[in-house]
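Below are the chains, spelled out letter by letter.
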Amino acid sequence: MTVNPQRKYRDDYQAPIYRIDRVELDFDIRDGATRVTARHSVRRNPQRIGDGGRWWLDGRDLRLLSIAVDDEPVTDDALEVTDTGLWLDDLPDRFTLTVVTEIDPDSNLSLEGLYRSGSILCTQCEATGFSRITYFPDRPDVMSRYTTRVEADAARYPVLLSNGNCIESGEAGEGRHYAVYEDPFAKPCYLFALVAGDLGVIRDVFTTTSGREVALALYTEHGNEDQCHHAMASLKDAMAWDEATYGLEYDLDSFVIVAVGSFNMGAMENKSLNIFNTACIFAHPEMATDGDFARVRDVVAHEYFHNYTGNRVTCRDWFQLSLKEGLTVYREHQFAIDHGSPGVTRIEQVRMIRDVQFPEDAGPRAHPVRPESYVEMNNFYTITVYEKGAELIRMMAQMAGREAFTKAVRHYLDKYDGQAVTIEDFVLAIEESTGLDLAQFRHWYAFAGTPRLHVRSSFDRGRLSLEMAQATPATPGQANKPHFDIPISVALFDEAGSVLRAPEIVRLTEQRATFFFDDLESEPTVSVLRGLTAPVRLEFDQPPDALVQLMAYDSDPVSRWDAAQSLYMATLAAAVTAYQNGEGMPALGDGMITAIAALLSEPPDDRALLAEMLTVPSTTQIGEAFDAIDVAAVEAARRHVKHEIAVRFADEIDRLADDHAPRPGYVFDQESAGRRRVFAIALDYLACLDTPAIRERAHRVYDAADNMTDRMAALNTLQDLPGDDRDAVRADFARRFADYALVMDKWLRLQAATEDGDAVARVRDLLGDARFDFNNPNRVRALVGGFVRGNPLGFHRQDRAGYALVADEILRLDRFNPQLAAALAGLLAPWRRYAEPYASGMRDALARVSETDLSDNTREIVDAGLAVETA
């Protein structure tokens, strides 16, 4: 906590007054304390000549032992030390700065800087964790070449790792040993990494297109090695894909990954030494679902891709975070599409945008992809910066064409190799290479909010007219929005599903425009915003028969899925209104019945797509269709529609389950994962009927399962069917996997999401269990996050006990892990989106949190949630 936290503004950027060409670090790891000696080769920045010699170095929770300039101790009158760093005065243009600090990794519970995760010492330096290791200008535009020496007890820490190549190692006496690493590439301090521990390892080799052999190693705590082979295979796939797609060959002799259990994020792309949350590495059929396997594959690829888009070319300041993250997420998305079901992978990306990013853009913390200000940078590792940022990259790629855009990315990387640059630099490079005019497109980076795209069609004498209009609601601090450059994919079909007009991109650049399609014999069915060509909310009132046709024949899987979602939403919206008015729930619409019947009788070849099209819209998507979210009405509507589908199509769904029943021998591939997905959705529908047969079937599936995907399908089927059979399989699950932390996180989510009984009391009991580890973010996210997201009725219950539980945990966590506390505070912050009595209950819980001394992280989120709306 700082007394008066300072807001930082993008427009205030100034280049660093000093550059640091070389950094030499020496870590002397001892029980109870680690001594860090840092020697920096410093020179004045030519851009800042004449700006004086005062220099700020960031530093938090450090014990300063000594500081010297050119080996002369700094005098008291030239040194000012504060809680967040220090000032140095009267400095020459060139000098060597030596700083000796002492830190205690064992007591560092923030999971930033150097800290302990189980038996492993590891680092996390992005965004500003390096300032918990030594005093340093902790900003990404200070790029240096690092040499790191690590010394520790050889028995306790036999493995010593850091960035770059190991150039020396040996014994240090008294049972100690050391290793020296040299990174030949200049990097910002946020990419520094160190690991020390007694670790197991799996090794492999990747041969590049030029014939070089790259040594690969994946370290983990002993006993977990068999859960790491999928991650290693994914790494090799990513390396090969990046060479084939972008011509980017890995640039060092080794690539190392270390998996740790306590990590605030998913993974970190430190140069040559990636540190991962075990949740993004471990994948074994008996302990990980298909979704876990896909996540590991994609996150491993994401972090590897950062080697160029983030490491070789990095961001000038943290306002430019999406420069590296948006581009790398886009590359990850391309990779995932090429390694899975292309259509369903894109659907999952679209769902993330609609279910998570759109609400963020409509909430109290709506911010541009390139934010204009922040108090605590860790609060801006958001879905907007990452996923919406990737959608902006995707829009540029669509307008340029994939081949031209790939060449443009290479032009950008070649032009700025070894530099810290801006989003504007990237957009200019794309313009230079492709010839695109992106002047208006830049608004996407500068303005928050989700544009609404209204489409109206009319047909007259062979001409189809599509009138399109855009409008973007006000967001905090940005009342007025410009017109965005919106690329929109359009295709036309006849009544038999034949293509009348191949997909083409039109660009809406004004508030309103009409696009014409001539020489049509009859009125076509229109497919618009295919594949979500822009992150906008589409408002296009199409008749049910058109949606049924698109659902059956559209060549774009996202459009087929979208049509199904629209058919579901028509009945869901009517059911919400009926519940609110105390009326009887509506029957399924004729269009929905026709569409589902056709889907079940003639399913798509891609079974994962079938599962997606049978899935009713999420509670989030239903709620977003209303001005104020009525939690009880939304839940009742969704259950009603699922139940009606289950009753109407019970025989067909039962056959669907039989046809896709589990097969022995787990394989993670598109066909097998799709089959398991259909089986799980079929069981989910059958559970709505709550018959003895479905209970018995779920129990049999659980007992016979040879993989976690099928086992979880059985557990989820029994989730809201209380009884001895459910209790028995849950107890068996807990016993069977008691020693596997990530699997027990799944068990915690099941407990938190169970609606029968007192969910709040159950969660509080689990939080108070001696086995619950508050220092492990995975565990907190599983239980508290699982309760909020997986049990809406429990979280939003009338007595406000759910809100009180979350507020209590925010206050508890904020004392030692502000990043995690701030994330939980974000669950209460969007209270204005809810109807009463939910809104006032969430607001009051947030206000109670606000009355306490808070970290800058949590204070920023809470204040944004309680701020008076001005836009």
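Structure: above.
So, here's what we can say about the structure.

About the criteria used
Residues numbered from 1 in each chain as written. Predicted model: local features only at pLDDT ≥ 70, side-chain atom pairs only at ≥ 80, totals over all residues. Heavy atoms only, no water. Helix = DSSP H or I, 4+ residues; strand = E, 2+ residues; numbered from the N terminus. Rg over C-alpha atoms; globule rule 2.2 N^0.38 Å. Buried < 20%, exposed > 50% of the residue type's maximum accessible area, 1.4 Å probe, protein only. Contact = heavy atoms within 4.5 Å. Areas by Shrake-Rupley, 256 points an atom, 1.4 Å probe, with all protein chains shown as cover. Core = buried A, V, L, I, M, F, W, Y, C linked by side-chain atoms within 4.5 Å. Pairing = 2+ DSSP bridges. Phe/Tyr/Trp six-rings, centres within 6.5 Å; stacked < 30°, edge-to-face > 60°. Lys NZ or Arg CZ within 6 Å of the ring centre and 35° of its normal. Axes fitted to C-alpha atoms, helices over the stretch in contact; angles between N-to-C directions. Polar contact = N/O pair within 3.5 Å; in protein donor to acceptor, adjacent residues only side chain to side chain. Expected span 1.5 Å × (residues − 1). Arc of directions from axis to C-beta. Parallel < 35°, antiparallel > 145°, perpendicular 65-115°, else oblique. Nonpolar A, V, L, I, M, F, W, Y, C, P; charged D, E, K, R; others polar. Disulfide = S-S within 2.5 Å. Salt bridge = Lys/Arg side-chain N within 4 Å of Asp/Glu carboxyl O.

1. Digging into the overall build of the protein
Helix and strand counts for the protein stand at 27 helices and 32 strands. Relative to the globule expectation of 29 Å for 871 residues, the C-alpha radius of gyration of the protein, 28 Å, shows essentially globular dimensions. Along the longest, intermediate and shortest principal axes, the C-alpha atoms of the protein span 85 × 65 × 60 Å. Here the protein holds 871 residues, and 60% of them are scored as buried. Pairs at least 24 residues apart make up 71% of the contacts formed inside the protein by residues separated by at least 6 positions. Just so you have it, the protein exposes about 33,400 Å², and 47% of that area is on carbon and sulfur atoms.

2. Examining the side chain of H333
For H333, the position within the fold is in helix α3 (residues 321-338). Here H333 is in contact with Q349, E387, A390 and E391, once residues within four sequence places are set aside.

3. Here we look at the nonpolar core
Counting residues in hydrophobic clusters, the biggest one holds 281 residues, and the most contacted among them are W55, M468 and I645. If one sorts the elements of this core by residue count, helix α10 (residues 557-580) sits on top with ten residues. When near neighbours in sequence (up to four residues on either side) are disregarded, M468 contacts L453, H454, V455, I488, V490, V506, L508, Q511, R512, A513, F515 and V528.

4. Brief notes about the sheet that holds strand β20 (residues 254-260)
Ordered by their spatial adjacency, five strands build an open sheet running β18-β19-β20-β22-β21, and the pairing between neighbours is mixed. The sheet is open, and its two borders are formed by β18 (199-207) and β21 (267-268), each paired with just one other strand. Note that β18 and strand β19 (residues 213-221) share nine bridges and pair antiparallel. By the bridge assignment for β19, L199 is matched with E221.

5. Some points on unusual backbone geometry
Here E126 and A127 are connected by a cis peptide whose omega angle stands at 5°. Here A127 shows up in the loop between β11 (120-124) and β12 (143-153). Residues other than glycine seldom take positive phi values, yet S272 does so here, at roughly 70°. Considering the arrangement of structural elements, one finds S272 in the loop between β21 and β22 (273-277).

6. A few points about the packing of aromatic side chains
In total, this model carries 33 aromatic pairs according to the counting rule given. For the ring pair F733 and F737, a centre distance of 5.0 Å and an interplane angle of 55° mean the geometry is tilted. When the ring centre of F516 is taken as origin, the NZ or CZ atom of R463, which lies over that ring, is 4.3 Å away. The ring of Y702 has R711 sitting right over it, with the charged end atom 4.9 Å from the ring centre.

7. Focus: the environment of W444
One can find W444 in helix α8 (residues 443-446). Remark: the alpha-carbon pair of W444 and H660, spanning 216 residues in sequence, is separated by 44 Å. Those residues in contact with W444 that lie beyond four places of it in its chain are V369, K388, L392, M395, P451, F484, D485, I486, P535 and V536.

8. A word on the pairing of strand β13 (residues 159-162)
Of the two faces of β13, the one carrying V159 and L161 and the one carrying L160 and S162 are both buried. The pairing of β13 with strand β17 (residues 194-197) spans four bridges and is antiparallel. Note that in β17 the partner of L160 across the bridge is A196.

9. Regarding the sheet that holds strand β31 (residues 525-528)
Taken together, the three strands give an open sheet; going across it, the order is β29-β28-β31, and neighbouring strands pair in antiparallel fashion. Edge positions in the sheet fall to β29 (499-508) and β31, since each of these pairs with one other strand and no more. Across the sheet, the mean angle separating the axes of adjacent strands is 20° when strand polarity is ignored. Bridge count between strand β28 (residues 486-493) and β29: seven bridges; the pairing is antiparallel. Paired with L492 across the two strands is R501, which belongs to β29.

10. Remarks on the side chain of T533
On the secondary structure map, T533 appears in the loop between β31 and β32 (537-540). Taking relative accessible area as the criterion, T533 reaches 3% and is therefore assigned buried. At 3.2 Å, the side chain of T533 and the backbone nitrogen of S489 are in polar contact. Residues contacting T533, with those up to four places away along its chain left out, are R394, M395, Q398, P487, I488, S489 and I505.

11. What to know about helix α17 (residues 692-704)
Taking 1.5 Å of rise per residue, the 13 residues of α17 would be expected to cover 18 Å, and the 18 Å separating its terminal C-alpha atoms lies within 8% of that figure. Listed in full, the buried residues belonging to α17 are I694, R695, R697, A698, V701 and Y702. Viewed along the axis of α17, the buried residues span an arc of 165°, placing them on a single side of the element. In α17, the exposed positions that point more than 90 degrees away from the buried face belong to P692, R700, D703 and A704.

12. Section: the packing of helix α14 (residues 631-648) against helix α15 (residues 650-659)
Interhelical geometry of α14 versus α15 gives an angle of 85° and a closest axis separation of 5 Å. Between α14 and α15, the interaxial angle falls into the category roughly perpendicular. Within the contact between the two elements, α14 uses I645, A646, V647 and R648 and α15 uses A650, E652 and I653. Residue composition of the contact of α14 with α15, grouped by class: five nonpolar, no polar and two charged.

13. Points about the state of the cysteines
In the structure shown here, the tally under the stated rule is zero disulfides. Between C125, a free cysteine, and C189, which holds the nearest cysteine sulfur, the sulfur-to-sulfur gap is 7.0 Å. Its relative accessible area of 0% is what places C125 among the buried residues.

14. Some words on the pattern of salt bridges
Any two side chains of opposite charge can pair, so long as their charged atoms come close to each other. Under the definition given, this model contains 75 salt bridges. D251 serves as the salt-bridge partner of R312, at 2.7 Å between the closest nitrogen and oxygen. On the criterion of sequence distance, the pair formed by R312 in the loop between α2 (290-305) and β23 (314-315) and D251 in the loop between α1 (229-246) and β20 is long-range, its members being 61 residues apart. Across this residue pair, the class does not change: R312 and D251 are buried. Its salt-bridge partner being R316, residue D317 comes within 2.7 Å of it at the nearest N-O pair. Judged by relative accessible area, which is 8%, D317 ranks as buried. Among the charged side chains, a salt-bridge network with shared partners connects D26, D28, R30, R149, E151 and R176.

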